[in-house]
Structure formats: C-alpha cells, structure tokens
Amino acid sequence: MSRIGKMQIPVPQGVSVDFDGTVVTVKGPKGTLTQTIAAKNIGVEKADGFISVTRKTDAKEVKAMHGLYRMLIANMVTGVVTPFVRTLIIKGVGYKASVTNNKLVMNIGLSHPVEFVAPEGITLACTDPTTVTVTGISKELVGQTAATIRAKKPVEPYHNYGIRYSDEKVVKKEGKTAGKK
C-alpha cells in the first residue's frame, strides 16, 4: 500500500468534508474547494475526525492514483484553514512591480509595462517594488499563477536579472574569458 495514501488526514475544527460519488468538497473558514476523483476504484471515508483514502483494487493505475488523491485532499483541507503563499523576487536595473485592484503591473526591461490579472481566488501583493506575493487557498492555483508570472521574465544566467522564486538558487555563469590577459 502507498505510504502516503494510507496516512489519515486530520480534519480541523470548522472544516467540513463531503464526498458525493466522485466529488470531494471541503468547506472551511477561508473558502470552499472541490476535487473530482477520476479513478473509479478510489474511495473516501470519513470517521472520527479523520479522512481515509482507500483503493478497491491493486491495479497499477489505481496504485498510482492512491497517494495522489490523498495528497490533493490533504492540500484542500490545509488550504481552507491557512492559505498557501508563494513569493517572487524581481531583480534587475530598473525592474519593479506594483499591484492595483488585483492587477500586477511589472516593468521588467521591456519597452512596455507587463500587466497580469490575477485569476479568481488569488490575491497579489507587493511588499516592496521588487517582491511579489501570491496567496490563495488552492495550492495548485497558487503554484500555477506564480509560475505564469515567473515565465514573463525568466532569470538570465549571466547577470541573474529576471523573476525568481524566493527560495530558488540561481547559479551565475562566468562570462567569456577568451582574449583577456
């Protein structure tokens, strides 16, 4: 049995989990999330304040989905209590960002400002002109939004200019050395 799949998910106070056929709905103080379970042989059981994800067969495809759906449900339970946060750092001469009405405007070395409108359920904030914080209850949506913003100006390896995650390590390449004495 999957090590991750067999672990139970504790349900905190104020969170309700409903399983209706193939749809899991998690409601909490921060919002509501739903997830469709595509695998037919995966079941969800709720008992004594814990959620268990079970599989009915040992087929290879079902084994692969067992841990996945357990982790998706666990992330939903965590997200409706404490939102997920991803921080981006903008580095470069004259590079900056600002947020107005959940619309991110970035000056990142192009001839025009780059605008990004946050999807529903995502909150953008700039603590300073070079730091962007992406917050939301869906871990998947927070990660995808941060990746989309980062893709607007990937880190350039020679000067390390661009947009990076706050916990990302970027290795700076050495420039050309031919002809120098």
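Before reading further, recall that the structure is shown in the block above.
Residues numbered from 1 in each chain as written. Predicted model: local features only at pLDDT ≥ 70, side-chain atom pairs only at ≥ 80, totals over all residues. Heavy atoms only, no water.

**Points about the environment of I90**
With respect to the helices, strands and loops of the structure, I90 is situated in strand β7 (residues 84-91). Sequence separation between I90 and I163 is 73 residues; the distance between their C-alpha atoms is 4.6 Å. Ignoring sequence-local partners within four residues, the contact set of I90 consists of Y95, K96, A97, I108, T130, V132, G162 and I163. (Helix = DSSP H or I, 4+ residues; strand = E, 2+ residues; numbered from the N terminus. Contact = heavy atoms within 4.5 Å.)

**Considering helix α2 (residues 139-150)**
Counted at 1.5 Å a residue, the expected span for α2 with its twelve residues is 16 Å, and the 16 Å between its end C-alpha atoms agrees. Residues V142, T145, A146 and I149 constitute the buried set of α2. With its buried residues spanning 95° around the axis, α2 presents them on a single face. Contact partners of the buried residues in α2: β7, β9 (103-107), β10 (114-117), β11 (122-128), β12 (131-136) and β13 (162-165). (Expected span 1.5 Å × (residues − 1). Buried < 20%, exposed > 50% of the residue type's maximum accessible area, 1.4 Å probe, protein only. Arc of directions from axis to C-beta.)

**Notes on the packing of aromatic side chains**
The full count for this structure, using the stated rule, is one aromatic pair. For the cation-ring pair, R86 lies above Y165, with the distance from its terminal atom to the ring centre recorded as 4.1 Å. (Phe/Tyr/Trp six-rings, centres within 6.5 Å; stacked < 30°, edge-to-face > 60°. Lys NZ or Arg CZ within 6 Å of the ring centre and 35° of its normal.)

**Observations concerning the sheet that holds β13**
Ordered in space as β11-β12-β7-β13, the four strands form an open sheet in which the pairing is antiparallel. Each of the sheet's edge strands pairs with one partner strand only, and the pair in question is β11 and β13. Ignoring which end each strand starts from, the neighbouring axes of this sheet average 25° apart. Alignment of β11 against β12, held across six bridges, turns out to be antiparallel. Each residue of the ladder has a partner; that of L124, found in β12, is V134. Each of β7, β11, β12 and β13 is contacted by α2, which is oriented at about 10° to β7, the strand it contacts most. (Pairing = 2+ DSSP bridges. Axes fitted to C-alpha atoms, helices over the stretch in contact; angles between N-to-C directions.)

Just distances and angles here, no functional claims.
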